[in-house]
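Spelled out from the first residue to the last, the chains are:
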There are 2 protein chains.
Amino acid sequence: MLTYDINNRGESTIYEYLYGCIKADIMEGRLAANEKLPSKRTLAKNLGVSVTSIENAYDQLGLEGFIRAEAGKGFFVNEIGKTEAPEEPEPLHDKSLAEIEDRHKEFIIDFKANRTSIENFPFTVWAKLVRNLLSDRNEEILGTIPYNGLKALRVALAKHLYMYRGMEVDPRQIIIGAGTEYLYSRLLQMFGQNTVIAIEDPGYKKFSEISSSQGILWDYIPIDREGMRLDMLQDSLANVIHVSPANHFPTGTVMPINRRLDLLNWAYQKPDRYIIEDDYDSELRYAGSLIPPMFAMDSRNKVIYINTFSKSIVPSLRISYMVLPPYLMELYRDTLSFYSCTVSSFEQMTLAHFISEGYFDRHINRMKRISKAKRDEVLNALMASPLSNISEIMEANAGTHFLLHVDTRLSDRSIKKRASEHHIELAMLSDYMSRPSLKS
Amino acid sequence: MLTYDINNRGESTIYEYLYGCIKADIMEGRLAANEKLPSKRTLAKNLGVSVTSIENAYDQLGLEGFIRAEAGKGFFVNEIGKTEAPEEPEPLHDKSLAEIEDRHKEFIIDFKANRTSIENFPFTVWAKLVRNLLSDRNEEILGTIPYNGLKALRVALAKHLYMYRGMEVDPRQIIIGAGTEYLYSRLLQMFGQNTVIAIEDPGYKKFSEISSSQGILWDYIPIDREGMRLDMLQDSLANVIHVSPANHFPTGTVMPINRRLDLLNWAYQKPDRYIIEDDYDSELRYAGSLIPPMFAMDSRNKVIYINTFSKSIVPSLRISYMVLPPYLMELYRDTLSFYSCTVSSFEQMTLAHFISEGYFDRHINRMKRISKAKRDEVLNALMASPLSNISEIMEANAGTHFLLHVDTRLSDRSIKKRASEHHIELAMLSDYMSRPSLKS
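Residues numbered from 1 in each chain as written. Chains lettered and ligands numbered in written order. Predicted model: local features only at pLDDT ≥ 70, side-chain atom pairs only at ≥ 80, totals over all residues. Heavy atoms only, no water.

**Student:** Break down the packing of aromatic side chains for me, with residues and values.
**Tutor:** In total, this model carries 41 aromatic pairs over all chains according to the counting rule given. Considering the side-chain rings of A:Tyr204 and A:Phe249, the 6.5 Å spacing of their centres and the 80 degrees angle between planes classify their relative orientation as edge-to-face. Of this pair, A:Tyr204 sits in the loop between strand S5 (196-201) and helix H8 (206-213) while A:Phe249 is found in the loop between strand S8 (240-243) and helix H10 (257-268), placing the two residues 45 residues apart along the sequence. Assessed through its relative accessible area of 19%, A:Phe249 is described here as buried. The interplanar angle of 75 degrees and the centroid separation of 5.0 Å between the aromatic rings of B:Phe121 and B:Phe123 together place this pair among those described as edge-to-face. B:Phe123 shares its class with B:Phe121; the two are buried. (Phe/Tyr/Trp six-rings, centres within 6.5 Å; stacked < 30°, edge-to-face > 60°. Helix = DSSP H or I, 4+ residues; strand = E, 2+ residues; numbered from the N terminus. Buried < 20%, exposed > 50% of the residue type's maximum accessible area, 1.4 Å probe, protein only.)

As structure tokens, then:
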């Protein structure tokens, strides 16, 4: 007869405790296969508990296949298999996994950081919009999100793009996604395995990692002062190019009109050629008008426009979007719309209000002032320092970064190391190049 | 001499207006290539505007490559290429894209809907937690999110899994992602192109679509009353299986202990075999204890546990997570950690508080009561109707759904159509099977 000390059960209910005890007895062989269990009534009486408790425990054991009921005969232990040579679970390799958490070393000045400081995020307005949203109990945010994002946000974006980027876009051409990398992944899936991607060198290296991880071939194409070199592009097998014409990453140059037309003409020559236009921080240029995007110049469904709120609001919000020309939008819908939208409806709706009620516009203007003041302070400090004798500042109007050309025999690596010793983090141009220069 | 009517500029600034006019004149050939432009001073005087306005317009035109400055000579129009045979942009194919917006037909009763009603979402608590988060101005939510999610949420999840699922998990083994589909995509990338996936039939068909779209082979394996058939699995080339042992989708059956052990032993036989355990709504079972997951039984790094808050809180929040055994976690980190986390830090932190302050637990208990009451009402109505004579209810404790077996000669398609005419949406078991039964 089974005897368990009910008083030992701690915080468990009686039935949970009995379920656990009997299960352990079966798994460890103290109850043999096909052994008959006491009747519910007998066991209840013996343990001084209710029949219901025994019934619940037997039900759960039956549901999980540890025991079976035979009609008119009672309950029997099932024959339970074993896993072959069970081993102790492998311990976590503490040292290697520890790196994951500790990778983010703290610097006094981090010129590479992709983050927003507390004074920059519009906490008050955002809090107000979220409060309104939740107190409205808007049913729309609880329903299924269309695969390409909430209509309210797409409508707000279409208006914004018309006003600020001169783009005439139907909200149905927009796809919202959790970050630019996510949208790239889907695009690459849509283009398929025969695609070869051309990536600017120096340029956005992560795009090459994403391509590789999806088994898609890619090629680095060197840039000259105007952008991706057409001759090198024509010599490569690439059929899809990734460019940021308004603000080349990381040099900050603007692609002039003629190179844009050259690239469009390149795309027009073959049906499977496309241009991915990454407009990642065009809103934040300090000087002059915003540069009109290639998307607005394209007459043949060849340009995919992609942008993010990582730079303009905060990276940790994880909201990006892309605009597809009609033909590609239909292709996307037909092949990939079974993937659910990856951005929370709560934040999509908050962002929709943020844009349509004019807060985004004001926020951008404020950010431009703040970043420009910060940049000026850094430039003034550089100019007042001995560094000014051997260095030149390039593309300082690019938005959120500038290039400093230093005339030195030190290698990139050793400059970086010395800065790091003073708790300053630097990004070198060579970090973004396919072949580091001889110096590094 | 250029003459533009400054009073026609509408809401543009003077420099924006002039920039636009000159650009249009160049693009449309009214200003010829290599034509000399008036000096800034002359043009300013002529138009009655400031020299700065002209300077800004010329700067912007120069930046974009429309004009050039020649030292000591002045400004000249550049020779601008053309795109070949520019065409009118293709109009949106209104009819086909319109479907995107209108797909969600309204039903009086939708038995298929994956949504939460307003009374179920914990608006008040969620609003309080978001308010606290935003008024704290916590810097953590503005920084870079670790690739596998905010530590605060992973710690809360590890505790939750220990308490409610008997899983001993290090927070470093957890990866947060924007939806289960997103996490599947990453897993498939990690397993690579030589993988063959086994999917239960009937089962979670979307997994086959995801696999196909990533170029990964898959095979449907029929289930019997205990789950995936081992003989059929052994005959297939599959090396990774997808199962939901606590609550098979869509039949709601629980996989008994012996089938679990069989599948584990299958996985232990070859180094490249793995089990993906989808525990998608285990929290919401009505009867009995929660079923312990296979992850907790695995001693050899073979089971990947995956779960979501879509069922337990709301689908539109887009937060799922997976727990990898240590070996696979290291593999993921080494190969895929360059992908940024896809879930907003704001919502990760809100959810972390929701779990760690005990609200999630209370919410689940409330949801179970509500869903059970709803289910009972539906079952009672069914039993009181003539349908009760020809039908049987199966697996009604599964959580958020049950099966109704109806003895009829009508095909699935015609039952569905008739229900739809009465504005009732039904999901048929055959919708989830590889080969619809002869009836449909």
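**Student:** Requested: an account of helix H5 (residues 123-136) of chain A, with residues and values cited.
**Tutor:** Residues and elements named next belong to chain A. Between its first and last C-alpha, H5 extends 20 Å over 14 residues, near the 20 Å set by a 1.5 Å rise per residue. Among the residues making up H5, those that are buried are Phe-123, Trp-126, Ala-127, Leu-129, Val-130, Leu-133 and Leu-134. Seen from one end, H5 has its buried residues packed into an arc of 165 degrees, which puts them on one side. Set apart from the buried face of H5 by more than 90 degrees, the exposed residues are Thr-124, Ser-135 and Asp-136. (Expected span 1.5 Å × (residues − 1). Arc of directions from axis to C-beta.)

**Student:** Now, about unusual backbone geometry: what can you tell me, with residues and values included?
**Tutor:** Here the residue pair A:Phe249 and A:Pro250 is connected by a cis peptide bond, since its omega of 0 degrees sits within 30 degrees of zero. By the element assignment, A:Pro250 lies in the loop between S8 and H10. With an omega of 0 degrees, the peptide bond between B:Asp201 and B:Pro202 qualifies as cis. Among the secondary structure elements, B:Pro202 is positioned in the loop between strand S5 (196-201) and helix H8 (206-213). Notably, A:Asn301 is not glycine yet its phi reads approximately 60 degrees, a positive angle. Its place among the elements puts A:Asn301 in the loop between strand S9 (274-278) and strand S10 (303-308).

**Student:** Could you give an account of the sheet that holds strand S6 (residues 217-224) of chain B, with specific residues and numbers?
**Tutor:** Residues and elements named next belong to chain B. Taken together, eight strands build an open sheet; the order of strands is S4-S11-S10-S9-S8-S5-S6-S7 and the sheet is mixed. Looking at the sheet topology across the chains shown, the edges are occupied by strand S4 (174-177) and strand S7 (227-228). Pairing of S4 with strand S11 (residues 320-323), which is carried by four bridges, proceeds in the antiparallel orientation. Within S11, the residue paired with Ile-176 across the bridge is Tyr-321. Across the face of the sheet, helix H7 (residues 180-191) comes into contact with S4, S5, strand S8 (240-243), strand S9 (274-278), strand S10 (303-308) and S11 while running at roughly 160 degrees to S10. (Pairing = 2+ DSSP bridges. Contact = heavy atoms within 4.5 Å. Axes fitted to C-alpha atoms, helices over the stretch in contact; angles between N-to-C directions.)

**Student:** Requested: an account of a nonpolar patch on the surface, with residues and values cited.
**Tutor:** All names here are of chain A. Together, Ile-108, Ile-109 and Phe-111 give the surface a local cluster of nonpolar side chains, amounting to about 310 Å² of exposed area. By secondary structure assignment, the location of Ile-109 is in strand S3 (residues 109-110). For Ile-109, a relative accessible area of 38% gives the class partly exposed. (Patch = residues over 30% accessible without salt bridge, like charges linked within 9 Å, V, L, I, M, F, W, Y side chains within 5 Å. Areas by Shrake-Rupley, 256 points an atom, 1.4 Å probe, with all protein chains shown as cover. Salt bridge = Lys/Arg side-chain N within 4 Å of Asp/Glu carboxyl O.)

**Student:** Outline the pairing of S8(B), supporting the account with residue identities and numerical values.
**Tutor:** Residues and elements named next belong to chain B. Covered by surrounding structure in S8 are Val-240 and His-242 together with Ile-241 and Val-243, the residues of both alternating faces. Sheet topology places S5 next to S8; three bridges connect them, and they run parallel. Each bridged residue has a counterpart across the sheet, and for Ile-199 the counterpart in S8 is His-242. Running through helix H10 (residues 257-268), the crossover from S8 to the neighbouring parallel element S9 is right-handed. (Right-handed = clockwise from strand over helix to strand, strands pointing away.)

**Student:** I'd like a description of the pattern of salt bridges, backed by residues and values.
**Tutor:** A side chain of one charge can pair with a side chain of the opposite charge when the charged atoms of the two come close. Residues and elements named next belong to chain A. Taken as a whole and judged by the stated rule, the model has 32 salt bridges over all chains. Across the salt bridge formed by Asp-231 and Arg-229, the nearest N and O atoms sit 2.8 Å from each other. Lys-372 serves as the salt-bridge partner of Asp-376, at 3.9 Å between the closest nitrogen and oxygen. Here Lys-372 and Asp-376 lie together in helix H13 (residues 359-384), a separation of four residues that amounts to about one turn. Judged by relative accessible area, which is 28%, Asp-376 ranks as partly exposed. Several salt bridges share partner residues, and in doing so they unite Asp-25, Glu-28 and Arg-30 into one network.

**Student:** Tell me about the sheet that holds S10(A), and please be specific about residues and values.
**Tutor:** Residue and element names in this part refer to chain A. Spatially, eight strands are ordered S4-S11-S10-S9-S8-S5-S6-S7 in an open sheet, and the strand pairing comes out mixed. With partners counted over all chains shown, the strands left at the sheet margins are strand S4 (174-177) and strand S7 (227-228), one partner each. This element, helix H11 (residues 326-336), spans S4, S9, S10 and strand S11 (320-323) of the sheet and lies at about 50 degrees to S4.

**Student:** Can you break down the packing of helix H12 (residues 345-356) of chain A against H13(A) residue by residue, with the values?
**Tutor:** Residue and element names in this part refer to chain A. Orientation of H12 relative to H13, taken along the N-to-C sense of each, is 75 degrees, at an axis distance of 4 Å. In this view, H12 runs roughly perpendicular relative to H13, as classed from their interaxial angle. Every residue of H13 that contacts H12 at His-353, Phe-354 and Ile-355 is listed here: Tyr-359, Phe-360 and His-363. Split into classes, the residues belonging to the contact of H12 with H13 amount to four nonpolar, two polar and no charged. (Parallel < 35°, antiparallel > 145°, perpendicular 65-115°, else oblique. Nonpolar A, V, L, I, M, F, W, Y, C, P; charged D, E, K, R; others polar.)

**Student:** Could you give an account of helix H13 (residues 359-384) of chain B, naming the residues involved and the relevant values?
**Tutor:** In a regular helix each residue adds 1.5 Å, so 26 residues correspond to 38 Å; H13(B) covers 37 Å between its end C-alpha atoms and thus fits that length. Where H13(B) is concerned, the buried positions are B:Tyr359, B:Phe360, B:His363, B:Ile364, B:Met367, B:Ser371, B:Arg375, B:Leu379 and B:Leu382.

Everything listed here is a matter of geometry and, on its own, says nothing about what the molecule does.
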